[in-house]
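Structural overview
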Amino acid sequence: MTDPLLLPVLNTPAFPAETPRTHAAKLWLPKRVLFTPDALDEPFGQQILARVTAHDLEVEILKSNRLTGLRGVDERDTYRRAKSTLAVVKAPPSALRLQPTPPSADWQMNLAEGCPAHCQYCYLAGSLSGPPVVKVFANLPALLHNTAAYEQPGRLTSFEVSCYTDVLGLEHLTGSLAECIRHFGAREGARLRFVSKYDHVGSLLALPHHGRTRARISLNAEPVARRLEAGTASVEARLQALRQLALPRERGGGGYPVGVVLAPIMPFPGWREEYGRLLDRLQATLDFDCDLTVELISHRFTPGSKEQLLEWYPNTSLDLDEATRAVKRNKFGGLKYVYQPADMRELKEFFYQQWQRRFPQAPVLYWT
């Protein structure tokens, strides 16, 4: 039976409020850590090795630079194996050819591919080839140096590092995010952007970011986070992490420009009440002046991502019914299923009004 909390229905009676959970995310400690030889040739790869061994994780050094032995007896077994594997590799030369990533940022720069979380709507499904192993790039200094070629004189150029992973969920094993924050802190014409569902922000607070990194936290209504975002921090823990990041240094915080990514927005029964509660909690959390933005992203999926998600999560309550959706095509002929125009208008109007009422000085960057 389909979970009624996640049916695509608008204007239904409110569901009883659920008591918010408060747990922090557990540190992700993979069962298997692989290093390719060329990754260990990189000084930053050696730093990752030191971090991994400090967590008492066993390391396997591969004989070649190819990743093998990641597939299991079936798709579910492959998923379990891959999601508990960290592979430290050298990013290929193609990683130096950055791709635009509107509306989030000017350019996409990846520190890693694959995510330790288990979100049942995962946008990586169908986007990355092969088993969903977490691959971390050991040649990060070269990737950072390469970004200077993409800066545009006379204007700020933004770089998004969260397209294919949750960088904060890996930070205790990699140190990659801190490396990026320090790098962009010294670049007057560039800005760094990351987003996370994790809450381990302590190591970021004292970094010399100089206001050039926007630290964003992904939030959702309690029923969605509870049912569909396994392995992540609770909404309350994420709110407190956002507060820590935004608080001024003199009050013990990081003094970062911050952001909220409300995603994926879903019109489940009682959605108005639940999202209203979330925004109220956010307003109570950020009870001080800060540099805040929001990005509003409705749920969507492609035929390929649906197929992949149902293999990974065969018992999911996520609504993936094409019959209730509208089709949106891109310029290359690809398609995705989005909410019907009338539903999208209702959702957009609600979120713009509710956000601007609570945070009149914080811009909505986009709705999609």
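Residues numbered from 1 in each chain as written. Predicted model: local features only at pLDDT ≥ 70, side-chain atom pairs only at ≥ 80, totals over all residues. Heavy atoms only, no water.

1. A short note on the packing of aromatic side chains
This structure, assessed with the given rule, holds 14 aromatic pairs. For the pair Tyr-121 and Tyr-123, a centre-to-centre distance of 6.0 Å together with 50 degrees between the ring planes defines the contact as tilted. Note on Tyr-123: relative accessible area 37%, which makes it partly exposed. Note on Trp-271 and Phe-350: the rings are 5.0 Å apart at their centroids and 80 degrees apart in plane angle, and the pair reads as edge-to-face. (Phe/Tyr/Trp six-rings, centres within 6.5 Å; stacked < 30°, edge-to-face > 60°. Buried < 20%, exposed > 50% of the residue type's maximum accessible area, 1.4 Å probe, protein only.)

2. Some thoughts on the packing of helix α8 (residues 235-246) against helix α9 (residues 271-285)
Where α8 meets α9, the axes come as close as 10 Å, and the angle between the chain directions of the two elements is 35 degrees. In this structure, α8 crosses over α9, and the sense of that crossing is right-handed. Across from Val-235, Glu-236, Leu-239, Gln-240, Leu-242 and Arg-243 in α8, the residues of α9 making contact are Leu-278, Arg-281, Leu-282 and Thr-285. Split by residue class, the contact of α8 with α9 holds five nonpolar, two polar and three charged. (Axes fitted to C-alpha atoms, helices over the stretch in contact; angles between N-to-C directions. Helix = DSSP H or I, 4+ residues; strand = E, 2+ residues; numbered from the N terminus. Left-handed = near helix turned anticlockwise from the far one by under 90°. Contact = heavy atoms within 4.5 Å. Nonpolar A, V, L, I, M, F, W, Y, C, P; charged D, E, K, R; others polar.)

3. A word on the environment of Glu-236
When you line up the elements, Glu-236 lands in helix α8. Judged by relative accessible area, Glu-236 falls into the partly exposed class, the value being 22%. Spatially, the C-alpha atom of Glu-236 lies 9.5 Å from that of Leu-219, the residues being 17 residues apart in sequence. In contact with Glu-236, other than residues within four places in its own chain, are Arg-21, Thr-22 and Arg-281.

4. Topic: the nonpolar core
Counting residues in hydrophobic clusters, the biggest one holds 111 residues, and the most contacted among them are Leu-262, Tyr-275, Phe-351 and Trp-355. If you tally residues by element for this core, the top one is α8, at seven residues. Counting five residues, the second-largest nonpolar core is a separate cluster that includes Val-261, Ala-263, Ile-297 and Tyr-366. (Core = buried A, V, L, I, M, F, W, Y, C linked by side-chain atoms within 4.5 Å.)

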